[in-house]
Structure formats: C-alpha cells, structure tokens
Amino acid sequence: MRIDILTLFPEMCRSVYTQSITGRAIKKGCIEIYSRNIRDYTADKHNNVDDTPYGGGMGMIMQAQPIYDCYKALCEEIGTKPYLIYMSPQGRVLTQETVKELSKKGNIAILCGHYEGVDQRVIDLIADDEISIGDYVLTGGELPALVLADAVSRMIPGVLPNAEAMENESHYDGLLEYPQYTKPAVWNNIEVPEVLLSGHHENIEKWRREQSLKRTKERRPDLYEKHNK
Ligand code: 4GY
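Computed from a predicted model, the values in this text were never measured in an experiment. (Residues numbered from 1 in each chain as written. Predicted model: local features only at pLDDT ≥ 70, side-chain atom pairs only at ≥ 80, totals over all residues. Heavy atoms only, no water.)

1. Looking at the overall build of the protein chain
Scanning the protein chain from terminus to terminus reveals 9 helices and 9 strands. For 229 residues, the compact-globule formula gives about 17 Å, and the C-alpha radius of gyration of the protein chain, at 22 Å, lies well above that figure. In terms of principal-axis extent, the alpha carbons of the protein chain reach across some 70 × 40 × 40 Å. Long-range pairs, those at least 24 residues apart, make up 74% of the contacts in the protein chain with a sequence separation of at least 6. (Helix = DSSP H or I, 4+ residues; strand = E, 2+ residues; numbered from the N terminus. Rg over C-alpha atoms; globule rule 2.2 N^0.38 Å. Contact = heavy atoms within 4.5 Å.)

As structure tokens, this is what we get:
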C-alpha cells in the first residue's frame, strides 16, 4: 500500500506519520507514505498557488494548475493513476467500512485544500472520491488527510504491533468498545470489576459483550439499531 499526500504543508504531514505505529510500519516496509508540496509545481513567478474567487467574496481559492501538475508528476513517478481522494466537508462522511475498502487499493493519493477552497475544475478532473471526516470545518485538509492515512494504515497486515488489536473490529462488529482496566487492581480506592480478576474466560467474554451492548445502546442508539437488524 502506498499513500501520497498532496499538500502545501508536507513537513506538517511528515511530522505526524513518521511517529509511533505508522512510523514503525513505514520503517518495516509494511506501508509507504509520502508528501508532495503543491507549491513546487507553481508556474507563477512569485510562487503563488492561490487567487481571488470569480464572482467575488472573501478569501483566496487554490488554483487548478499547480494541483494538476503535482498530480501528473505523481502519476508519472509511480507509473499508474492512484485513487485520488479530495478531503472536504462536502464529501461523504468517513466510516470504518470506507476505510476497509480504501485499504484494499494499491495506491491512494490524498489532496489537501487550503484557504477558502480549490478551483472546482481540477477536482472534477482528477478526484475519484471526496471524503469528509465529520461535520465541522477546519483550516485545511492536512489533519483530515492524516486521519484517513492513519485509519487506512492500521488495516494493512503487519502495521499493528499485536495481531489481536485488529481483531476487535470483527469481534464486536459495529458496537462500541467495552471498558478496559490495567494494574493496579485498586487505584484511588476504586476497584477493577471483579469478573476481570476471576480468570473465568467465559464470564469475562459475557461481561464484555454486555458492556459493549449497554454502552452502544446508551451512547449511540443509531449504531445499536443497526446492530440489532
Ligand atoms: N471536515 N473533512 C474537512 C475540512 C477544511 C478549506 C478545503 C473535513 O475533511 N476535510 O474541514 N477541511 C477545508 C478548508 C479548503 C478544506
């Protein structure tokens, strides 16, 4: 799996995915993640990548040309057209199902917008998908791109340090996680639920399942309904 991020802030992106679990997975060769600076492809003599919106209004819009040339250079370099995703609040809202689908693609590229947006013509021309990470507005597409890259990466075999971690997904499919505890057994006068100390695996499984169902019913009735269908 190869992920390419097209951005005006490649160092911001690198500083995140080179850390922790994704950083280790890259070093091990399980995934490849790269960032490309859209500004390197500007044809403007002042290195500008934005201009004022036609029709008037506030702020600046990213121009089509540097984004298109950045995308073309990427395609040429990897010898194929990656599945290109534009991150924006206008996209379909990201779910674990979409994450799983994307993790099966060989090459994905993620386009990060900035300022007030991107010239629609280049989105129409190169984007295969438009995805939102939720109904709120950020200052740029970098954080959403990093969220997507992280979620996709952990679906790739070998990325998670322990085999069980991914299993949770399938185990209590569509339900929220049960509460978890670690040592000491008493902290701040608060005890860990007794069943977890019992060593009785069947009872522990039953308790965890009940907790998952209870939490999901209380906190996410929408997920609970889906699960009960
Ligand atoms: N929410 N999900 C999001 C976002 C910021 C102006 C286009 C989101 O994905 N992206 O809020 N993006 C905007 C900023 C240019 C992206």
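2. Topic: helix α6 (residues 142-153)
For α6, which comprises 12 residues, the first-to-last C-alpha distance of 16 Å matches the rise-based estimate of 16 Å (1.5 Å per residue) to within 8%. Within α6, 9 of the 12 residues are buried, leaving the element largely enclosed by the surrounding structure. Glu142, Pro144, Ala145, Leu146, Leu148, Ala149, Ala151, Val152 and Ser153 are the residues of α6 that are buried. (Expected span 1.5 Å × (residues − 1). Buried < 20%, exposed > 50% of the residue type's maximum accessible area, 1.4 Å probe, protein only.)

3. What to know about unusual backbone geometry
Cis geometry is adopted by the peptide bond preceding Pro184, which originates at Lys183 and carries an omega value of 5 degrees. Topologically, Pro184 is positioned in the loop between α7 (163-171) and β8 (186-187). A positive phi angle, close to 55 degrees, is found at Ser20, a residue other than glycine. In this fold, Ser20 is placed in helix α2 (residues 20-28).

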